[in-house]
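# Summary of structural features
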Amino acid sequence: MPPGRRPGRASIREDVRRREEMAKRGAMISAETAQHMKMQLRTFSTKLEQFAIDHKDEIQRDPAFRAKFHSMCASIGVDPLTSRKGKWSDLLGVGDYYYELAVRIIEVCVATRPTNGGIISLRELVSALRIRRTTYTENVSSDDVERALAKLNVLEGGFKVMMIGHRKVVQSVPVELSVDHTNALAISEETGYISASALREKLKWEKERIMTTLRFLLEHEIAWLDLQTSEPTYWILGLMSGSSTFT
Amino acid sequence: MSDFDFPPFYSFPPSFTRQPIEATRAKQTELWCNLIRDYCRVKRIFWLDVSKAKESNLFANPAIDRRLSDEDIQYFLSQLVARGDAQWDPDRKRCLVFWRGPSEWGEMIYQWVEKTGRNGQLLTVHEIRKGSATIGYEFHDLELDTTIKSLQALAVIGKCALVKGDSDDGLGVKFVN
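Residues numbered from 1 in each chain as written. Chains lettered and ligands numbered in written order. Predicted model: local features only at pLDDT ≥ 70, side-chain atom pairs only at ≥ 80, totals over all residues. Heavy atoms only, no water.

Chain B has the name Vacuolar protein-sorting-associated protein 25 in an unreviewed UniProt entry, where Gracilariopsis chorda is given as its organism. The annotation that UniProt attaches to chain B under Subcellular location (unreviewed entry) is "Cytoplasm". The Sequence similarities (unreviewed entry) field of the UniProt record for chain B holds the comment "Belongs to the VPS25 family." (UniProt positions renumbered as here; feature names shortened; annotations may be inferred.)

Per an unreviewed UniProt entry, chain A is named Vacuolar-sorting protein SNF8, and its organism is Gracilariopsis chorda. Listed under Sequence similarities (unreviewed entry) in UniProt, the entry text for chain A is "Belongs to the SNF8 family."

### Focus: the overall build of chain B
Along chain B, the regular secondary structure elements total 6 helices and 8 strands. Along the first, second and third principal axes, the C-alpha set of chain B runs to 55 × 30 × 25 Å. By residue count, 45% of the 177 residues in chain B fall in the buried class. Long-range pairs, those at least 24 residues apart, make up 59% of the contacts in chain B between residues at least 6 apart in sequence. About 8700 Å² of surface is accessible on chain B, with carbon and sulfur atoms providing 49% of the total. Here chain B contributes 24 positively and 25 negatively charged side chains, and the mean placements of these two sets differ by 1 Å. (Helix = DSSP H or I, 4+ residues; strand = E, 2+ residues; numbered from the N terminus. Buried < 20%, exposed > 50% of the residue type's maximum accessible area, 1.4 Å probe, protein only. Contact = heavy atoms within 4.5 Å. Areas by Shrake-Rupley, 256 points an atom, 1.4 Å probe, with all protein chains shown as cover. Lys, Arg positive; Asp, Glu negative; His and termini not counted. Charge placed at Lys NZ, Arg CZ, Asp CG, Glu CD.)

### Quick word on the nonpolar core
If you look at the biggest cluster of nonpolar residues, it comprises 54 residues, and the most contacted ones within it are B:Leu48, B:Phe59, B:Leu77 and B:Phe175. The element contributing the most residues to this core is helix H1 (residues 22–43) of chain B, with 7 residues. When neighbours within four sequence positions are excluded, B:Leu48 is seen to be in contact with B:Ile36, B:Cys40, B:Ala53, B:Leu58, B:Phe59, B:Leu77, B:Lys93, B:Arg94, B:Cys95 and B:Val97. A:Ile119, A:Ile194, A:Ile210 and A:Phe216 belong to the second largest nonpolar core, which has 25 residues in total. (Core = buried A, V, L, I, M, F, W, Y, C linked by side-chain atoms within 4.5 Å.)

### Thoughts on the domain arrangement of chain B
Residues and elements named next belong to chain B. Along its sequence, chain B is carved into domain 1 (8–97) and domain 2 (102–175). Each of domain 1 and domain 2 was reduced to a C-alpha centroid, and the two centroids are 30 Å apart. Facing 5 residues of domain 1, the contacting portion of domain 2 comprises 10 residues. Both faces considered, domain 1 and domain 2 share a buried interface measuring about 520 Å² in area, 51% of it formed by carbon and sulfur atoms. Among the residues of domain 1 in contact with domain 2, Arg-44, Phe-46 and Leu-96 are the three that bury the most area, contributing 73% of the side total. Scanning the region where domain 1 abuts domain 2 turns up 0 salt bridges. (Domains from an automatic or database assignment. Buried area = accessible area lost by both parts, 1.4 Å probe. Salt bridge = Lys/Arg side-chain N within 4 Å of Asp/Glu carboxyl O.)

### Concerning the packing of aromatic side chains
Residues and elements named next belong to chain B. Counted according to the given criterion, the structure contains 17 aromatic pairs over all chains. Measuring from ring centre to ring centre gives 6.0 Å for Phe-6 and Tyr-39, while their planes differ by 35 degrees; the resulting arrangement is tilted. With Phe-6 in the segment before H1 and Tyr-39 in helix H1, this residue pair connects regions lying 33 residues apart in the sequence. Judged by its relative accessible area of 25%, Phe-6 is partly exposed. For the pair Tyr-137 and Phe-139, a centre-to-centre distance of 5.6 Å together with 35 degrees between the ring planes defines the contact as tilted. (Phe/Tyr/Trp six-rings, centres within 6.5 Å; stacked < 30°, edge-to-face > 60°.)

### Considering the pattern of salt bridges
All told, the structure shown has 22 salt bridges over all chains when counted by the stated rule. The residue A:Glu146 makes a salt bridge to A:Lys168 at a minimum N-O spacing of 2.9 Å. In this pair, A:Glu146 sits in helix H7 (residues 142–152) while A:Lys168 sits in strand S3 (residues 167–171), placing the two residues 22 residues apart along the sequence. B:Arg66 is the salt-bridge partner of A:Asp226, the closest N and O atoms lying 2.8 Å from each other. Of this pair, A:Asp226 sits in strand S5 (residues 223–226) while B:Arg66 sits in strand S3 (residues 66–67), placing the two residues on different chains. Among the residues examined, A:Asp226 registers a relative accessible area of 0% and is labelled buried. Take B:Arg66: its relative accessible area is 10%, and that puts it in the buried class. Ionic contacts of the salt-bridge type, sharing partners, join the residues A:Glu14, A:Arg17 and A:Arg18 into one network.

### Looking at helix H8 (residues 179–187) of chain A
If you check which residues of H8(A) are buried, you get A:Asp180, A:His181, A:Thr182, A:Ala184, A:Leu185 and A:Ile187. Contacts from the buried residues of H8(A) go to strand S2 (160–164), S3, strand S4 (193–195), helix H9 (196–203), helix H10 (207–219) and strand S6 (233–236) of chain A.

### Notes on the side chain of B:Gln19
Mapped onto the secondary structure, B:Gln19 falls in the segment before H1. Excluding its chain neighbours within four sequence positions, the residues that come into contact with B:Gln19 are A:Trp224, A:Leu225, B:Pro14, B:Thr24, B:Arg25 and B:Gln28.

### Some remarks on the sheet that holds strand S7 (residues 160–163) of chain B
Residue and element names in this part refer to chain B. Overall, antiparallel pairing links the 3 strands, which are arranged S6-S8-S7 in an open sheet. At either margin of the open sheet sits one strand with a lone partner, and together these are strand S6 (122–124) and S7. Neighbour-to-neighbour, the strand axes of the sheet open up by a mean angle of 30 degrees, direction not taken into account. Two elements, S6 and strand S8 (residues 172–175), share 3 bridges in a ladder whose sense is antiparallel. Across the sheet, Leu-122 pairs through a bridge with Lys-174, a residue of S8. Relative to the sheet, helix H6 (residues 144–156) contacts S7 and S8, its axis offset from that of S7 by approximately 125 degrees. (Pairing = 2+ DSSP bridges. Axes fitted to C-alpha atoms, helices over the stretch in contact; angles between N-to-C directions.)

### Describing the packing of H8(A) against H9(A)
All names here are of chain A. The interhelical angle for the contact between H8 and H9, taken along N-to-C directions, is 105 degrees, at an axis separation of 10 Å. Here H8 is positioned roughly perpendicular relative to H9, judged by the angle of their axes. Residues Asn-183, Ala-184 and Ile-187 of H8 pack against Ala-198, Leu-199, Lys-202 and Leu-203 of H9. Grouping the amino acids of the contact of H8 with H9 by side-chain chemistry returns 5 nonpolar, 1 polar and 1 charged. (Parallel < 35°, antiparallel > 145°, perpendicular 65-115°, else oblique. Nonpolar A, V, L, I, M, F, W, Y, C, P; charged D, E, K, R; others polar.)

Spelled out as structure tokens, the structure:
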């Protein structure tokens, strides 16, 4: 606006009118777009539903297929697991699938707890589930187990998945593991056991720190002691394959 | 003698060291007791001779170079006795393992009695254990003490009456309906 001249009333009115017009048009366009997108999404959703119905058996049976289906759902923001009452779980029974699987997971964790103190590698958990050969666990994948575990998280003090060394480990007891504990557990990765000398060499710990950690693992029933070697060894059964068959 | 499949825990080295932590030891004890009982069942061992068992694979796994110490063998056997699945000989050199309960054996014997129409007859313990009529039945050649215990279990529920004989083996038994 040129200096020295104040805008006239008419021009102000014109300005307001134009702005209103633009806003109206803008709203129309975005309404149209939204409408269009909604329709697209509905079509897609219907297609996905049809796909799910057509491939129900494969989704239930084949873990790789199930994982792909889940990632497809996730990409458009549909979570077939969120609600047990939702149409997705009704349609597929996937909700039921993970609930049932979660129950089996709890069973395995509880049954193996006396042997492993509530620490079990994801791999061993999966193989323990497969051995049970129930409808829900026969073809289970570690991906499925993690999904089911995520569902279990609604339970207080529930199940935790963590990395120990290069392995995913499921913890089913509400014991707080410190960094020292998990570092020590990681040492067992290759041999299945930990010893004071291994902790001294690999982690450069002092004697007291070593003994405190080993003592903790024994007392929390995570480690089993073997005295028939030159130095005591502490075996982490939950991280060894085959230990879940002890029960 | 039939082969025995050892359970997975038998291949884990720490299984052969008595665990210092009570909860872990309880689990270990359960595993050892089940193993001893199952081993005796498959090998049909009634009296487990401790010194003989010590040299067998039951208490030593050469594949992983681990064995139970004498004290630990005594410990786990005592636990087996404590849970009612075995009984010590007074000198503790042998252990009578009940891999089948007395009432279970009793039921088997009673079924045979009914099937062969021996109700009301007076039989000797020897006839039941060693007689040609019981050949092929699982209780044939059953250990003597176990047989008597089984018959006593039957007597308690009124299915037979024991009649004193000149020896344990000569003990008589009369089955009733």
